[in-house]
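Geometric and topological summary
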Amino acid sequence: MADQTHVLFVEDDDVIREATQLALERDGFAVTARPDGLSGLAAFRADRPDIALLDVMVPGLDGVSLCRRIRDESTVPVIMLSARADSIDVVLGLEAGADDYVTKPFDGAVLVARIRAVLRRFGHAGGDRGDDHGSPVDGGPLTFGELEIDTEGMEVRRAGQPVALTPTEMRLLLEFSSAPGTVLSRDRLLERVWDYGWGGDTRVVDVHVQRLRTKIGQDRIETVRGFGYKLKA
């Protein structure tokens, strides 16, 4: 298991859980599968997986609450699984700190692609920012008002106080800081930050922008209605 990517998979449907576990294991992942939120939280604390897949509707401790508990303790990537694309649970999961979501029923190949995309950007977020799109910043400190971004140490300060960002939030901020004052479309952000080579749900972008605003200042990222967002220089 030490040489494999370790996935925590929390799903209460026995058929989905067992079939998905087998599919992920065939693709080379090590999988710990649990049927409810409380046992999922225990497994997370015991095993410290590389990524967590959490179904929204699981007994004991629902997936959104489990995501919050995980996010309180770790920046490990989290993908939520939801049975409905239009469910408010999708937004709640993202607001709780999830990095992406996949709707059920899902194709195994699509799920694996989404897992690998999340893991790629998390690997780069730790300091190796070179990817297929190029590095979003050249390196060195950046300052925007009271906001300071150390692109080498991957640290952010606001008015001198450290700001804790998840890797996805950090990549989003780096993308904005690479082009201050320039409007970035949601589609561009999906491609650059979430590594989507296809059309994705822009709610992922909107919720993460809102989360980022609460940490770096509500007025630092401006909404340009009908076009996207821009970082105020």
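Attention in this report is confined to the structure presented alongside it. (Residues numbered from 1 in each chain as written. Predicted model: local features only at pLDDT ≥ 70, side-chain atom pairs only at ≥ 80, totals over all residues. Heavy atoms only, no water.)

Look at helix α6 (residues 167–177) against helix α7 (residues 186–193): their axes get within 10 Å of each other, and the N-to-C directions meet at 125°. Taken together, α6 and α7 sit at an angle that is classed as oblique. Seen from above, α6 lies across α7 with right-handed handedness. Counting all contacts with α6, which are made through Thr 168, Arg 171, Leu 172, Glu 175 and Phe 176, the residues of α7 involved are Arg 188, Leu 189, Arg 192 and Val 193. Its residues placed into classes, the contact of α6 with α7 shows four nonpolar, one polar and four charged. (Axes fitted to C-alpha atoms, helices over the stretch in contact; angles between N-to-C directions. Helix = DSSP H or I, 4+ residues; strand = E, 2+ residues; numbered from the N terminus. Parallel < 35°, antiparallel > 145°, perpendicular 65-115°, else oblique. Left-handed = near helix turned anticlockwise from the far one by under 90°. Contact = heavy atoms within 4.5 Å. Nonpolar A, V, L, I, M, F, W, Y, C, P; charged D, E, K, R; others polar.)

This part covers unusual backbone geometry. Residue Pro 105 is bonded to the preceding Lys 104 through a cis peptide linkage, with omega at 0°. Structurally, Pro 105 can be placed in the loop between β5 (100–103) and α5 (108–125). The backbone of Arg 48 sits at a positive phi, close to 50°, despite the residue not being glycine. Although it is not a glycine, Ala 159 adopts a positive phi angle of roughly 55°. Relative to the helices and strands, Ala 159 is located in the loop between β8 (155–158) and β9 (161–163).

Counting across every chain of the model gives 14 salt bridges. The partner of Lys 104 in a salt bridge is Asp 55, with the nearest N and O atoms 2.9 Å apart. With Lys 104 in the loop between β5 and α5 and Asp 55 in strand β3 (residues 51–55), this pair connects stretches of sequence that are 49 residues apart. Of the two residues, Lys 104 and Asp 55, both sit in the buried class. The closest approach of N and O atoms between Arg 158 and Glu 146, which form a salt bridge, is 3.0 Å. Within this pair, whereas Arg 158 is found in strand β8, its partner Glu 146 is found in the loop between β6 (141–144) and β7 (147–150), the two being separated by twelve residues in sequence. Residue Arg 158 is classed as partly exposed on the basis of its relative accessible area of 29%. (Salt bridge = Lys/Arg side-chain N within 4 Å of Asp/Glu carboxyl O. Buried < 20%, exposed > 50% of the residue type's maximum accessible area, 1.4 Å probe, protein only.)

Next up on the list: the sheet that holds strand β2 (residues 30–34). Strand order in the open sheet made by the five strands is β2-β1-β3-β4-β5, with parallel pairing throughout. Each edge of the open sheet is held by one strand with a lone partner, namely β2 and β5. The average angle at which neighbouring strand axes cross in this sheet is 20°, direction not considered. The pairing of strand β1 (residues 6–10) with β2 spans five bridges and is classified as parallel. Opposite Val 7, over in β2, you have Val 31 as the bridge partner. Set on the sheet, helix α2 (residues 37–47) makes contact with β1 and β2; between it and β1 the angle comes to about 165°. (Pairing = 2+ DSSP bridges.)

This part takes up the side chain of Thr 166. Within the secondary structure, Thr 166 sits in the loop between β9 and α6. Not counting residues within four places of it along the chain, the set of residues in contact with Thr 166 comprises Arg 71, Thr 75, Asp 99, Arg 211 and Lys 215.

If you trace the backbone, Ala 98 turns up in the loop between α4 (88–95) and β5. Note on Ala 98: relative accessible area 0%, which makes it buried. As a C-alpha pair, Ala 98 and Pro 77 span 21 residues in sequence and 7.2 Å in three-dimensional space. With near-sequence residues (within four places) excluded, Ala 98 lies in contact with Cys 67, Val 78, Met 80, Gly 93 and His 208.

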